[in-house]
Amino acid sequence: MILLDGRTTSEQIKKEITEKVEEIVRQGRKRPHLAAILVGDDGASQTYVNNKEKTCAQVGFKSTIVRMAENTTEERLLEEIRRFNEDSDVDGLIVQLPLPKHIDEQRVIEAIDPRKDVDGFHPVNVGKMVLGLPSYISATPDGIMELLERYKIETSGKHCVIIGRSNIVGRPLANLLSHKSIPGDCTVTICHSHTKNIKELTLQADIIVAALGRPGFLKGDMVKDGVVVIDVGITRVPADNKSGFRLAGDVLFEEVAPKASYITPVPGGVGLMTITSLLKNTLKASGI
Ligand code: GUN
């Protein structure tokens, strides 16, 4: 069993990005610039945004973080987005999700200029991705594709079973893995809450992506020997430590790992790859 190590891989990608940034700065060009808007005081979102800010600094990007109060109106948020859309110094713009309930998330996503949509959530980018055209691919599916590529995992002709059909993981990943590409050329099955025979399907899978957000869902008796397992779950569960929680994956690691050829740990797997995908997209948005 080989661990798909998100920590080492993301550090390697950050190093590659840092070198590219140093090179363009040496040429007298401007640093890539990511702007992020955070509305409200959700603890996990604050951690994510702080982490994005820190990582931008690490690779030499400029970042601007705007923190807005929980009771910010949708109109006020849209105004802020327009301001960044028009600011030619800003290459990439993200609005951290989830947003407070009184704000229409889809309207906010569609207000971002697709050329600056480094989250890859805008329908223009999703549509281009589905068609296999150049686009910004959202962080989790891109991070998974990057891990498969860097570990040279054979995907062509393989049966990939994805558990979870979310707009940000399951469905885009199903698209990418079915494309005529490397990684890609998979036969893809998407399972969801109405799928009747998940175990029958996972037992046939060469590659399983668990992205449903249910800790320990994928058990040892649901997988065949030699399977490649990608665990996207990062549920916070109560724990007796300083933070009061730990991150739990969707895979029962101790049962599944002994049967797997490759498996991602949680934490230390897919989660760490997402920030590097955002950096890659921002670099691309800056024209590099
Ligand atoms: N919330 C959880 N993941 C993400 C992400 O990738 N982008 C944004 N904007 N919000 C998120």
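All residue numbers here refer to positions counted from 1 along the written sequence of the relevant chain. Predicted model: local features are reported for residues with pLDDT of at least 70 only, side-chain atom pairs are reported and counted for 80 or more only, and whole-chain, interface and lining totals are derived from all residues. To get the side-chain values, take all heavy atoms of the structure and skip hydrogens and water.

Caption draft 1: Looking closely at the pairing of strand 2 (residues 33-39). Within strand 2, 7 of the 7 residues are buried, leaving the element largely enclosed by the surrounding structure. A two-sided burial pattern is seen for strand 2, the buried positions comprising H33, A35, I37 and V39 on one face and L34, A36 and L38 on the other. The rule for pairing is simple: two strands pair if DSSP sees at least two bridges between them. Think of it this way: any DSSP run of H or I at least four residues long counts as a helix, any run of E at least two long counts as a strand, and we number them from the N terminus. Sheet topology note: the strand 2/strand 3 (residues 62-68) ladder contains 7 bridges and is parallel. In the sheet register, A35 faces strand 3, and the bridge partner there is T64. Both strand 2 and strand 4 (residues 92-95) contribute to a ladder of 4 bridges, which runs parallel. When the bridges of strand 4 are listed, I37 appears paired with V95. Here the term buried applies to any residue with accessible area under 20% of the maximum for its type, exposed to any over 50%, and partly exposed to those in between, with areas from a 1.4 Å probe on protein chains only.

Caption draft 2: Expanded view of the packing of aromatic side chains. Within 6.5 Å between ring centres, the rings of Phe, Tyr and Trp (the latter by its six-membered ring) count as paired, and their orientation is classed by plane angle as stacked under 30 degrees, edge-to-face over 60, tilted in between. Here the structure, examined in full by the defined rule, presents 0 aromatic pairs. Note on geometry: a ring has a charge over it if NZ (lysine) or CZ (arginine) is within 6 Å of the ring centre and within 35 degrees of the ring normal. When the ring centre of F84 is taken as origin, the NZ or CZ atom of R83, which lies over that ring, is 4.8 Å away. Between R236 and the ring centre of F245, over which it is positioned, the NZ or CZ distance is 4.0 Å.

Caption draft 3: Representation of the site of the ligand in the model. Being near a molecule or strand, for a residue, comes down to having at least one heavy atom within 4 Å of it. Around the ligand lies a shell formed by V95, Q96, L97, D119 and F121. Residue burial considers only the protein chains on display, and all accessible areas are found by Shrake-Rupley using a 1.4 Å probe. When the ligand sits alone it has 280 Å² of accessible area, and the protein chains cover 76% of it. When residues are sorted by character, Ala, Val, Leu, Ile, Met, Phe, Trp, Tyr, Cys and Pro go into the nonpolar class, Asp, Glu, Lys and Arg into the charged class, and all the rest, Gly among them, into the polar class. Of the residues assigned to the shell around the ligand, the class counts are 3 nonpolar, 1 polar and 1 charged.

Caption draft 4: Examining the packing of helix 6 (residues 139-150) against helix 10 (residues 270-285) more closely. What counts as an axis is a line fitted to C-alpha atoms, over the stretch in contact for a helix, and the angles between N-to-C directions run from 0 to 180 degrees. Put simply, helix 6 and helix 10 touch, their axes get as near as 8 Å, and they point 105 degrees apart. Accordingly, the angle class assigned to the pair helix 6 and helix 10 is roughly perpendicular. Residues A139, T140, D142, G143, I144, E146 and L147 of helix 6 lie in contact with helix 10, whose contacting residues are V270, M273, T274, S277 and K280. Taken together, the residues of the contact of helix 6 with helix 10 break down into 5 nonpolar, 4 polar and 3 charged. With respect to orientation, any angle under 35 degrees is reported as roughly parallel, any angle over 145 as roughly antiparallel, any angle of 65 to 115 as roughly perpendicular, and every other angle as oblique. Contact definition: two residues touch when any of their heavy atoms are within 4.5 Å.

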